[in-house]
Amino acid sequence: DTEVTQTPKHLVMGMTNKKSLKCEQHMGHRAMYWYKQKAKKPPELMFVYSYEKLSINESVPSRFSPECPNSSLLNLHLHALQPEDSALYLCASATGGVEFFGPGTRLTVL
Amino acid sequence: KNEVEQSPQNLTAQEGEFITINCSYSVGISALHWLQQHPGGGIVSLFMLSSGKKKHGRLIATINIQEKHSSLHITASHPRDSAVYICAVRYNTDKLIFGTGTRLQVFP
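In this text the structure is predicted, and so the values were computed from the model without any measurement. (Residues numbered from 1 in each chain as written. Chains lettered and ligands numbered in written order. Predicted model: local features only at pLDDT ≥ 70, side-chain atom pairs only at ≥ 80, totals over all residues. Heavy atoms only, no water.)

Draft legend 1. Spotlight on the interface of chain A and chain B. Across the contact, 22 residues belong to chain A and 18 residues belong to chain B. Here chain A packs against chain B, burying approximately 1500 Å² in sum over the two surfaces, 58% of which is carbon and sulfur. When the buried area of chain A at its contact with chain B is split by residue, A:Pro42, A:Glu99 and A:Phe101 rank highest and sum to 29% of it. Taken together, chain A and chain B are joined by 2 salt bridges. Here B:Lys95 ties to A:Glu58 by a salt bridge, and the two come within 3.1 Å at their closest N and O atoms. (Contact = heavy atoms within 4.5 Å. Buried area = accessible area lost by both parts, 1.4 Å probe. Salt bridge = Lys/Arg side-chain N within 4 Å of Asp/Glu carboxyl O.)

Structural data, given as structure tokens:
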């Protein structure tokens, strides 16, 4: 298994909803990442987990809450989001300095 | 100012043309990546370079450490090469710093 999977592919949520994005990899990679990408812009790093511990938080608002339950799974819990949070959310894992990206979850906040 | 500069921002080509995309960065790096993103899609890692040159099929990537510059070449371009190509660098941390991307369209 040489891929990073993300669910759901698409998500529409209201500003009062609570939802979660899920990312999974079974390549044994110990670094996992969440990125946010707006249209026609490069990805922006949100969080980095290394060996299941949060190592980088790029000053992300607390309405985004990451979780790494085990070495294969990475979640991003969403609560009270704003319309400007609508974007493509990409997960990645890395080994040997090479990052493997998932297909992304396209999030729309109404 | 973005620490990673790419040029051109947009590029159109006829099928079969040789294409070059350039990337420059400001300080020493541990590695440079070339990534491909199709519209609405996820990102695929094409190359990771720390020196020299790499080739995969019709794609060639080169890096000049002294000049802090890298190029991605596509030989015999094809419409399926149409995508955004992103240069990204790593500075001895867990973070990738991304360029703004080059949007390539190849017409038949």
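Let's pick the thread back up.
Draft legend 2. Here's a closer look at unusual backbone geometry. Looking along the chain, the bond that leaves A:Thr7 and enters A:Pro8 is cis, with omega of -10°. Tracing the backbone shows A:Pro8 in the loop between β1 (4-7) and β2 (10-13). One non-glycine residue, A:Tyr51, adopts positive backbone phi at about 50°. For A:Tyr51, a relative accessible area of 61% puts it in the exposed group. The phi dihedral of B:Ala76 is positive, around 50°, even though this residue is not glycine. (Helix = DSSP H or I, 4+ residues; strand = E, 2+ residues; numbered from the N terminus. Buried < 20%, exposed > 50% of the residue type's maximum accessible area, 1.4 Å probe, protein only.)

Draft legend 3. Quick look at the pattern of salt bridges. Residue and element names in this part refer to chain A. Per the counting criterion, the structure on display carries 6 salt bridges over all chains. With its nearest N and O atoms 4.0 Å apart, the salt bridge here joins Asp 85 to Lys 36. Of this pair, Asp 85 sits in the loop between β8 (73-79) and β9 (87-95) while Lys 36 sits in strand β4 (residues 31-37), and the two are 49 residues apart along the sequence. Pair check on accessibility: Asp 85 and Lys 36 agree, each one buried. Measuring nitrogen to oxygen at the nearest pair gives 2.8 Å for the salt bridge that ties Arg 63 to Asp 85. With Arg 63 in the loop between β6 (53-57) and β7 (64-70) and Asp 85 in the loop between β8 and β9, this pair connects stretches of sequence that are 22 residues apart. For Arg 63, a relative accessible area of 23% corresponds to the partly exposed category. The class of Asp 85 is buried, set by a relative accessible area of 2%.

Draft legend 4. Representation of empty space enclosed by the protein. All names here are of chain A. Summed over the entire model, instances satisfying the criterion amount to 1 cavity of 30 Å³ or more. For the largest cavity, the calculated volume is near 50 Å³. For the largest cavity, the full set of lining residues is His 29, Arg 30, Ala 31, Met 32, Tyr 49, Tyr 51, Glu 52, Cys 68, Asn 70 and Ser 71. Where the lining of the largest cavity is concerned, the elements lending two or more residues are β4 and β7. Among the residues making up the lining of the largest cavity, the classes are represented as 5 nonpolar, 3 polar and 2 charged. (1 Å grid on protein atoms, 1.4 Å probe; cavity = no way out; pocket = protein on both sides within 12 Å on 5 of 7 lines; lining within 4 Å. Points joined across faces, edges and corners; volume = space filled by probe spheres on them. Nonpolar A, V, L, I, M, F, W, Y, C, P; charged D, E, K, R; others polar.)

Draft legend 5. Structural context of the state of the cysteines. Throughout the structure, instances matching the rule amount to 2 disulfides over all chains. Note that A:Cys23 is cross-linked by a disulfide to A:Cys91, the S-S spacing being 1.8 Å. Sign of the S-S torsion, about -65° for the bond between A:Cys23 and A:Cys91, identifies this disulfide as left-handed. One end of the pair, A:Cys23, is in strand β3 (residues 18-25); the other, A:Cys91, is in strand β9, with 68 residues separating them in the sequence. Accessibility assignment for this pair places A:Cys23 and A:Cys91 in one class, buried. With its sulfur 1.9 Å from that of its partner, B:Cys23 forms a disulfide with B:Cys87. Between B:Cys23 and B:Cys87, the S-S dihedral sits near -60°, and the bridge is therefore left-handed. Of this pair, B:Cys23 sits in strand β3 (residues 19-25) while B:Cys87 sits in strand β9 (residues 83-90), and the two are 64 residues apart along the sequence. Overall, B:Cys87 belongs to the buried group, its relative accessible area being 0%. (Disulfide = S-S within 2.5 Å.)

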